[in-house]
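The lines below spell out each chain.
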Amino acid sequence: MRADGGEASALTKGKRGVKNFAWSPDGKQIAFLAPDAKSEAEEKKEKDKDDARVVDKEEKHARLWLLTLDSGEAKALTEPKWEIGEAVWHLPARD
């Protein structure tokens, strides 16, 4: 919801769960952690209640994403094989 009031609106789209997020210092972007959306095959397995999986092969790690608010576009910044635990903005040191 905007700070100056109005209706709430969704910032991200899709069926992935956001685990952690951090607003950019200028308020124009949000960095967040979320896995890739499920593939059709994964959706079918879930629907069929097929919970068999190969350990260390089928794990979906959360990726680091960057959402630009003006465009509404979210772009993945990391590979799915990396394990990311937190999104934090780094500010340069001031003199």
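Definitions and limits used
- Residues numbered from 1 in each chain as written.
- Predicted model: local features only at pLDDT ≥ 70, side-chain atom pairs only at ≥ 80, totals over all residues.
- Heavy atoms only, no water.
- Helix = DSSP H or I, 4+ residues; strand = E, 2+ residues; numbered from the N terminus.
- Buried < 20%, exposed > 50% of the residue type's maximum accessible area, 1.4 Å probe, protein only.
- Contact = heavy atoms within 4.5 Å.
- Areas by Shrake-Rupley, 256 points an atom, 1.4 Å probe, with all protein chains shown as cover.
- Polar contact = N/O pair within 3.5 Å; in protein donor to acceptor, adjacent residues only side chain to side chain.
- Pairing = 2+ DSSP bridges.
- Axes fitted to C-alpha atoms, helices over the stretch in contact; angles between N-to-C directions.

Caption draft 1: Structural context of the overall build of the chain. Along the chain, the regular secondary structure elements total one helix and four strands. Start at the N end of the chain and walk to the C end: the helices and strands fall as β-β-α-β-β. Scored against the burial criterion, the 95 residues of the chain give a buried share of 16%. At a minimum sequence separation of 6, the contacts of the chain that also span at least 24 residues come to 48%. Approximately 8,100 Å² of the chain is accessible, and the part contributed by carbon and sulfur atoms is 51%.

Caption draft 2: Broad picture of helix α1 (residues 40-47). For α1, a buried count of zero out of eight residues is recorded, marking the element as mostly open to its surroundings. Where α1 terminates, the next one or two residues include Lys 49, which has phi positive at roughly 60°.

Caption draft 3: A look at the side chain of Thr 78. Secondary-structure assignment places Thr 78 in the segment after β4 (73-76). For Thr 78, a relative accessible area of 8% gives the class buried. For Thr 78, the side chain forms a polar contact with the main-chain nitrogen of Leu 64, separated by 2.9 Å. Ignoring sequence-local partners within four residues, the contact set of Thr 78 consists of Arg 63, Leu 64 and Ile 84.

Caption draft 4: How the structure looks around the side chain of Ser 24. Topologically, Ser 24 is positioned in the loop between β1 (20-23) and β2 (29-34). By relative accessible area, Ser 24 is classed as buried at 6%. Side chain to side chain, Ser 24 and Asp 26 meet in a polar contact 2.6 Å long. Other than its neighbours up to four places away in sequence, Ser 24 contacts Gln 29 and Trp 89.

Caption draft 5: Region of interest: the sheet that holds β1. Read from one edge to the other, the open sheet built from four strands follows the order β1-β2-β3-β4, with strand pairing classed as antiparallel. Only two strands of the sheet have a single neighbouring strand rather than two, namely β1 and β4. Across the sheet, the axes of successive neighbouring strands diverge by a mean angle of 20°, strand direction being ignored. Here strand β3 (residues 63-68) runs beside β4; their pairing, made up of four bridges, is antiparallel. Bridge pairing in β4 places Thr 68 opposite Glu 73.

Purely geometric numbers; function is a separate question.
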